[in-house]
Amino acid sequence: MAYSHPEQPRNSRMAGSAASPSISIVVPAYNEEEVLQEFHNRTTEVLSTLGGPYEIVYINDGSTDRTLSLMHEIRDIDPNVTIVDLSRNFGKEIALTAGLDQSRGDVVIVIDADLQDPPELIPQFLAEWKNGFDIVYAVRTDRAGETWLKKTTALGFYRLIQSVSRVPIPKDTGDFRLMSRRAVDALGRLREQHRFMKGLFSWIGYPSKPIYYRRDARAAGETKWNYWQLWNFAVEGITSFSIAPLKIATYVGLATASISFVYAIYIVYKTLMFGDPIRGYPSLMVVILFLGGVQLVFTGVIGEYLGRVFDEVKQRPLYLLNGVHESRMASLGSTNDMNVRPTDARV
Ligand code: UDP
Ligand code: MG
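Reference entry: report on the structure contained in this document. (Residues numbered from 1 in each chain as written. Chains lettered and ligands numbered in written order. Predicted model: local features only at pLDDT ≥ 70, side-chain atom pairs only at ≥ 80, totals over all residues. Heavy atoms only, no water.)

**A look at the pairing of strand β1 (residues 23-29)**
Consideration 1: Within β1, seven of the seven residues are buried, which leaves the element mostly enclosed by the surrounding structure.
Consideration 2: Residues I23, I25, V27 and A29 of β1 are buried on one face, and the alternating residues S24, V26 and P28, pointing to the opposite face, are buried as well.
Consideration 3: As judged from the seven bridges shared by β1 and strand β2 (residues 54-60), these two strands associate in the parallel manner. What sits directly across from V26, in β2, is V57. (Buried < 20%, exposed > 50% of the residue type's maximum accessible area, 1.4 Å probe, protein only. Helix = DSSP H or I, 4+ residues; strand = E, 2+ residues; numbered from the N terminus. Pairing = 2+ DSSP bridges.)

**A look at the coordination of the magnesium ion (ligand 2)**
Consideration 1: For the magnesium ion (ligand 2), every protein donor is listed as D114 (OD) and Q116 (OE1), and the spread of their distances is 1.9 Å. Q116 matches D114 in its accessibility class, with the two residues each being buried. (Donors = N, O, S within 2.8 Å, 3.2 Å for Na, K, Ca; no water.)

**Thoughts on the nonpolar core**
Consideration 1: Within the largest apolar cluster, 40 residues are counted, with the highest numbers of intra-cluster contacts made by L86, L100, M179, L187 and Y319.
Consideration 2: With five residues, the single largest contributor to this core is helix α3 (residues 92-102).
Consideration 3: Residues contacting L100, with those up to four places away along its chain left out, are V26, V108, V110, M179, V184 and L187.
Consideration 4: Membership of the second largest hydrophobic core comes to 33 residues, among which are I25, V46, A113 and Y213. (Core = buried A, V, L, I, M, F, W, Y, C linked by side-chain atoms within 4.5 Å. Contact = heavy atoms within 4.5 Å.)

**With respect to helix α7 (residues 197-204)**
Consideration 1: Taking burial as the measure, the eight residues of α7 include seven buried ones, the bulk of the element.
Consideration 2: Following α7 by one or two positions, G205 has its phi on the positive side, about 75°.

**Remarks on the packing of helix α6 (residues 181-188) against α7**
Consideration 1: Interaxial distance between α6 and α7 falls to 10 Å at its minimum, and their mutual angle equals 120°. It follows from the interaxial angle that α6 and α7 lie oblique. Considering how the two elements wind past one another, α6 and α7 form a crossing that is right-handed. The segment α6 lies against α7, with A183, A186 and L187 engaging M197, L200, F201 and I204.
Consideration 2: When grouped by side-chain class, the residues that make up the contact of α6 with α7 number seven nonpolar, no polar and no charged. (Axes fitted to C-alpha atoms, helices over the stretch in contact; angles between N-to-C directions. Parallel < 35°, antiparallel > 145°, perpendicular 65-115°, else oblique. Left-handed = near helix turned anticlockwise from the far one by under 90°. Nonpolar A, V, L, I, M, F, W, Y, C, P; charged D, E, K, R; others polar.)

**Brief notes about a nonpolar patch on the surface**
Consideration 1: A contiguous nonpolar surface patch, about 920 Å² in accessible area, is contributed by Y263, Y266, I267, V268, Y269, L272, M273 and F274.
Consideration 2: Among the structural elements, F274 can be located in helix α9 (residues 244-274).
Consideration 3: Judged by its relative accessible area of 61%, F274 is exposed. (Patch = residues over 30% accessible without salt bridge, like charges linked within 9 Å, V, L, I, M, F, W, Y side chains within 5 Å. Areas by Shrake-Rupley, 256 points an atom, 1.4 Å probe, with all protein chains shown as cover. Salt bridge = Lys/Arg side-chain N within 4 Å of Asp/Glu carboxyl O.)

**Describing the environment of R166**
Consideration 1: If you trace the backbone, R166 turns up in the loop between α5 (148-164) and β6 (173-180).
Consideration 2: Considered as a pair, R166 and S240 are 74 residues apart in the sequence and their alpha carbons are 9.9 Å apart.
Consideration 3: Contact partners of R166, with chain neighbours within four places excluded, come to F241, S242 and I243.

**Notes on the environment of V81**
Consideration 1: Inspection of the secondary structure assignment puts V81 in strand β3 (residues 81-86).
Consideration 2: Note: C-alpha distance between V81 and H40 (41 residues apart in sequence) is 9.8 Å.
Consideration 3: Here V81 is in contact with H40, I56, Y58, I74, R75, H325, E326 and S327, once residues within four sequence places are set aside.

**A few points about the packing of aromatic side chains**
Consideration 1: Taken as a whole and judged by the stated rule, the model has eight aromatic pairs.
Consideration 2: Each member of the aromatic cluster is reached from another via a ring pair, and the members are F157, Y158, F196 and F233.
Consideration 3: The aromatic ring of F90 is capped on one face by R88, whose charged end is 3.9 Å from the ring centroid.
Consideration 4: The side chain of R177 reaches across the aromatic face of F201, ending 3.9 Å from its centre. (Phe/Tyr/Trp six-rings, centres within 6.5 Å; stacked < 30°, edge-to-face > 60°. Lys NZ or Arg CZ within 6 Å of the ring centre and 35° of its normal.)

**A short note on the pattern of salt bridges**
Consideration 1: Applying the stated criterion across every chain yields a total of 11 salt bridges.
Consideration 2: Two residues, D134 and R182, come together in a salt bridge whose shortest N-O distance is 2.8 Å. Within this pair, whereas D134 is found in the loop between α4 (122-130) and β5 (135-143), its partner R182 is found in helix α6, the two being separated by 48 residues in sequence.
Consideration 3: By relative accessible area, which is 0% here, D134 ends up buried.
Consideration 4: For D185, the salt bridge goes to R181, with nearest N and O atoms at 3.1 Å. Of the two residues, D185 and R181 are both situated in helix α6; the distance of four residues between them amounts to about one turn of the helix.
Consideration 5: On the basis of relative accessible area, D185 is assigned to the partly exposed category, the value being 37%.
Consideration 6: One continuous salt-bridge network, built from bridges that share partners, spans K92, D112 and D175.

The structure is reproduced here in structure tokens:
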């Protein structure tokens, strides 16, 4: 396996010396009215056993159902809750980034609202963080409630991305993870528009440690991913972290050129030896169509990259905020000065 986990003892770490670090839980939510309350209850139960200060940062990613008002109901009762309300639906990756930007704990844990990531793993995450790992990520050993087709395509995707990507991307790993403050700050400096989070998490590096768990089926509600979106996700992952498709174009071009050169010599030889009865229309069509197809495919590949360049050069902010409702727990101080945190649009 290409991905290696540094196992040497670590005592060079800067953050995290406190016995009970302050914890931020970052939860992107898009139309999660059915599970939000249950999520909150389960997570709070786990967090209250830990003893340290914590905040739960809910990001409302432009939900069209009661998710936002539910968040407010929860926050009215629970002073540990922060709500980040985005101006529209930006997608999970960006919602996550907005939450990370607002988080202020010594350690930050990213988790899905649908309870597919069991909050009960949090104590294990913390234990590994105390052992000196900056990133502790959960690896699924089993994907309950997912179809055979989804499992197979996911496997194929990880194989492909492992082989073409310039940074190793661990397999069967979602966004569910713990990050130290310095890792979150490092991630916060990557402001690219096309956010393939699995890749960005790997890109920052730092000592990392996997934890294995069984992924549950969704507690309620539906996955927001269809196959078209998954395909786009795969294209995103490959084009954000590899230029292999552009290189393939060069080699396919070279290969076809050499084959046609050999074929041309053969035709000249045949014509000289046996004359030239007018035939060969089918083979001509095959060659024309084949080359036309190859050219269109690679024009498309170049288009994918060009489109990404186009999106980046516009330098738009990643997201806009409709509002931030901070937790009422002033004690959750940490590395940042929380009094000067911006509450309006930021890059
Ligand atoms: N999500 C989000 N914005 C979106 C889509 C999803 O914030 O546009 C959140 C969603 O509420 C959930 C998490 O991202 O907390 C994972 O979404 P989902 O369960 O649909 O993805 P899957 O688990 O199938 O990968
Ligand atoms: Mg899910």
